[in-house]
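An overview of the molecular structure
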2 protein chains.
Amino acid sequence: MSRPAPPPVCDLCNGAGGTLLWQNDCCRVVAVDEPGHPGFLRVVLNRHVREMSDLAETDRNRLMAVVFAVEAHVRRSLEPDKMNLASLGNLTPHLHWHVIPRWRDDRHFPGPVWSTAKHEAPVPGDRAAAAARMVDALPAALADLGA
Amino acid sequence: MSRPAPPPVCDLCNGAGGTLLWQNDCCRVVAVDEPGHPGFLRVVLNRHVREMSDLAETDRNRLMAVVFAVEAHVRRSLEPDKMNLASLGNLTPHLHWHVIPRWRDDRHFPGPVWSTAKHEAPVPGDRAAAAARMVDALPAALADLGA
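Anyway, here's the lowdown on the structure attached to this text.

Digging into the overall build of chain A
When helices and strands are counted, chain A shows two helices and five strands. Seen in sequence order, chain A has helices and strands lined up from the N terminus as β-β-β-α-β-β-α. Excluding contacts between residues fewer than 6 apart, the proportion of contacts in chain A whose partners are at least 24 apart in sequence is 52%. Carbon and sulfur atoms form 52% of the exposed surface of chain A, whose accessible area is close to 7,100 Å². Charged side chains in chain A number 16 positive and 17 negative. The centres of these two groups are separated by 3 Å.

A few points about the relation of the copies chain B and chain A
The two copies are related by a screw motion: chain B maps onto chain A through a turn of 180 degrees and a shift of 0.0 Å along the axis, at an RMSD of 0.0 Å. Within this description, the copies of the chain are treated as partners about a two-fold rotation axis. The share of interface residues of chain B whose copies in chain A are also at the interface is 100%, consistent with both copies meeting through the same surface.

Examining the packing of helix α1 (residues 57-78) of chain A against helix α1 (residues 57-78) of chain B
Two measures define how a pair of helices packs: the angle their axes make with one another and the distance between the axes. For the pair α1 of chain A and α1 of chain B, interaxial distance at closest approach is 12 Å and the crossing angle is 120 degrees. By the angle between their axes, α1 of chain A is oblique relative to α1 of chain B. Crossing geometry of α1 of chain A relative to α1 of chain B is assigned as right-handed. Packed against α1 of chain A, whose contacting residues are Arg60, Met64 and Phe68 of chain A, the element α1 of chain B presents Arg60, Met64 and Phe68 of chain B at the interface. When grouped by side-chain class, the residues that make up the contact of α1 of chain A with α1 of chain B number four nonpolar, no polar and two charged.

Re the side chain of Arg127 of chain A
Residue and element names in this part refer to chain A. Secondary-structure assignment places Arg127 in helix α2 (residues 125-141). Separated by 2.9 Å, the side chains of Arg127 and Asp105 make a polar contact. Non-local contacts of Arg127, meaning those with residues more than four positions away in its chain, are made with Pro38, Trp103 and Asp105.

Details of helix α2 (residues 125-141) of chain B
Residues and elements named next belong to chain B. Over its 17 residues, α2 runs 24 Å from end to end, which matches the ideal 24 Å to within 8%, given 1.5 Å per residue. Considering bend angle alone, the principal kink of α2 is centred on Val135 and spans about 30 degrees; proline Pro139 follows within four residues of it. Along α2, the residues classified as buried are Arg127, Ala130, Ala131, Met134 and Leu138. Those residues of α2 that are buried are in contact with β1 (19-23), β2 (27-31), β3 (41-45) and α1.

Conventions we followed
- Residues numbered from 1 in each chain as written.
- Chains lettered and ligands numbered in written order.
- Predicted model: local features only at pLDDT ≥ 70, side-chain atom pairs only at ≥ 80, totals over all residues.
- Heavy atoms only, no water.
- Helix = DSSP H or I, 4+ residues; strand = E, 2+ residues; numbered from the N terminus.
- Contact = heavy atoms within 4.5 Å.
- Areas by Shrake-Rupley, 256 points an atom, 1.4 Å probe, with all protein chains shown as cover.
- Lys, Arg positive; Asp, Glu negative; His and termini not counted.
- Charge placed at Lys NZ, Arg CZ, Asp CG, Glu CD.
- Least-squares fit on C-alpha atoms with pLDDT ≥ 70 in both.
- Axes fitted to C-alpha atoms, helices over the stretch in contact; angles between N-to-C directions.
- Parallel < 35°, antiparallel > 145°, perpendicular 65-115°, else oblique.
- Left-handed = near helix turned anticlockwise from the far one by under 90°.
- Nonpolar A, V, L, I, M, F, W, Y, C, P; charged D, E, K, R; others polar.
- Polar contact = N/O pair within 3.5 Å; in protein donor to acceptor, adjacent residues only side chain to side chain.
- Expected span 1.5 Å × (residues − 1).
- Bend = angle between axes of the 7 residues up to and from the residue.
- Buried < 20%, exposed > 50% of the residue type's maximum accessible area, 1.4 Å probe, protein only.

This is the structure in structure tokens:
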């Protein structure tokens, strides 16, 4: 008799999804190593929920308050040319938001980071250093959101 | 004497940005023709504002309430495999949200719609017809949000 297929493993139920920087009872903020994109963060819902419209309004607002607080912190710290926000989850359907600072000279600009790279120019050293300081300062910046 | 450079023209200040389906005093919903992606909608802020963290909390919540109501309507109408939400604006830095139903057999899945297409399979006819009905029904679905 064949066994039933095991339930699919969710990477975001079974791991932080990056370097854990901050969390509250709703969600966490992680840093991810995306080559050419310093300061790339993700906000991950703690529970396994597929879509924003599956969340109650209160939970939706709490999650988005963290997304926008992270955006504000990244902007204050790095002064990028643009911010990109996205909730996709086609491979990992567990709610998570990409929060991505963009610069006119980055690998993909003006395309999304998922498009074909335009060039392979290295990240300026001072930008990488500023991104590392931004990451270090993130827990304090989000302290009001109930860590 | 040289004249100052004219201000850059913003496509979303000078046009709807797609087929106008619904609007209130905050934002509008437009349908866009993205080949291979039926039911692709955008929620466009009426004012020219660059980033979500430039908006007051009230305006941010009003805009996101429309984004999530649009997502809910698209899901109810089309039952896609996944929803994708994104605010990018690298080319047009005037706040607008992409609201994109995704199917396992669509051109780019599981990649974002901005990645290299995996194949060129045509959209099933019944899906295109359902997307057209979803668009027709959108104004009634958003009536509570103050059209």
